[in-house]
Amino acid sequence: MNDETMKQHSTKNAFITWGGWNGHEPQQTANIFGDFLRDSGYRVTIEDSLELLADSSFMESIDLVVPVWTMSNIAHEQETGLLNAIRSGTGCAGWHGGMGDSFRNNVEYQFMVGGQFICHPGGIIDYDVNIEADDPIVDGLQDFSMKSEQYFMHIDPSVEVLATTTFSGAHWGIDWVKGVKMPVCWKKTYGNGRVFYSSLGHVASDFDVPEAKEIMKRGMIWATK
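Note that the structure is a prediction, hence the values are computed from the model and not measured.

Q: Tell me about the pattern of salt bridges, and please be specific about residues and values.
A: In the structure shown here, the tally under the stated rule is seven salt bridges. R104 is paired through a salt bridge with D101; the nearest N and O atoms lie 2.8 Å apart.

Structure below.
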């Protein structure tokens, strides 16, 4: 993204909401991308609460919402506020379990995301990420390697896949996934809203991998209303 592209977003409002399981370092990762968005000219609100999702006047002012919650619960009015905002045009972007394993009982939320975490065979392992699309979010990036959790997910087949990973079948006796090519990053729409997801980012240090961080940055800007 060049400086001119960033300037186009200088008046945008972003809301980052974090919490849930601390193993995913939600506060630390929220701050990484909160700093990026501020540096890109966004006005950023960061809260360790879901309450503002139910505030319709607040949500109407938001151009990008970033959920950073793993294995948590969301009240009906909060989920409704979030989904209504995205349907109306607010963008949504997130990573790993903070968006892809947020609310296991809320299938409409999962429908919006386009996928749901199932397992990560082998835990922390070495794996490759393969760029699969000719798209600005991944333009100029080459295939790269991660040492982290390789997410196996259930995926909406309508998502536009940008990068994938392939399972070896060598872990946990789950040999039937050998050779399975799994989406890592995708984009989609939900009503009038743009949605971007990346399964990369188990902990804050995963974003020390330049490609993982760059993909997330570009995905956020693309998703912004």
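There is more to say after this.
Q: Got a sec to walk through unusual backbone geometry? Specific residues and values, please.
A: Even without being glycine, H96 reaches a positive phi, approximately 45 degrees. As for its position among the elements, H96 is in helix α5 (residues 96-100). Note on H96: relative accessible area 0%, which makes it buried. The backbone phi angle of W172 is positive, close to 60 degrees, even though this residue is not glycine. Position of W172 relative to the elements: it lies in the loop between β9 (160-166) and β10 (181-190). Under the relative-accessibility criterion, W172 is labelled exposed at 54%.

Q: I'd love a proper account of the packing of aromatic side chains, names of residues and values included.
A: Each aromatic ring pair is described using two quantities: the centre-to-centre distance and the angle formed by the ring planes. What the rule picks out here adds up to nine aromatic pairs. Taken together, the ring pairs connect F33, W95 and F207 into an aromatic cluster.

Q: Explain the environment of I155 residue by residue, including any values.
A: The topology assignment puts I155 in strand β8 (residues 152-155). Among residues more than four places away in sequence, those in contact with I155 are G114, G115, M182, P183 and W186.

Q: For the side chain of S40, give the residues involved together with the corresponding values.
A: Following the sequence through the fold, S40 ends up in the loop between α2 (26-39) and β2 (43-47). Only 2.9 Å separates the side chain of S40 from the backbone oxygen of F36, close enough to count as a polar contact.

Parameters at a glance
Residues numbered from 1 in each chain as written. Predicted model: local features only at pLDDT ≥ 70, side-chain atom pairs only at ≥ 80, totals over all residues. Heavy atoms only, no water. Salt bridge = Lys/Arg side-chain N within 4 Å of Asp/Glu carboxyl O. Helix = DSSP H or I, 4+ residues; strand = E, 2+ residues; numbered from the N terminus. Buried < 20%, exposed > 50% of the residue type's maximum accessible area, 1.4 Å probe, protein only. Phe/Tyr/Trp six-rings, centres within 6.5 Å; stacked < 30°, edge-to-face > 60°. Contact = heavy atoms within 4.5 Å. Polar contact = N/O pair within 3.5 Å; in protein donor to acceptor, adjacent residues only side chain to side chain.

Keep in mind these numbers describe shape, not what the thing actually does.
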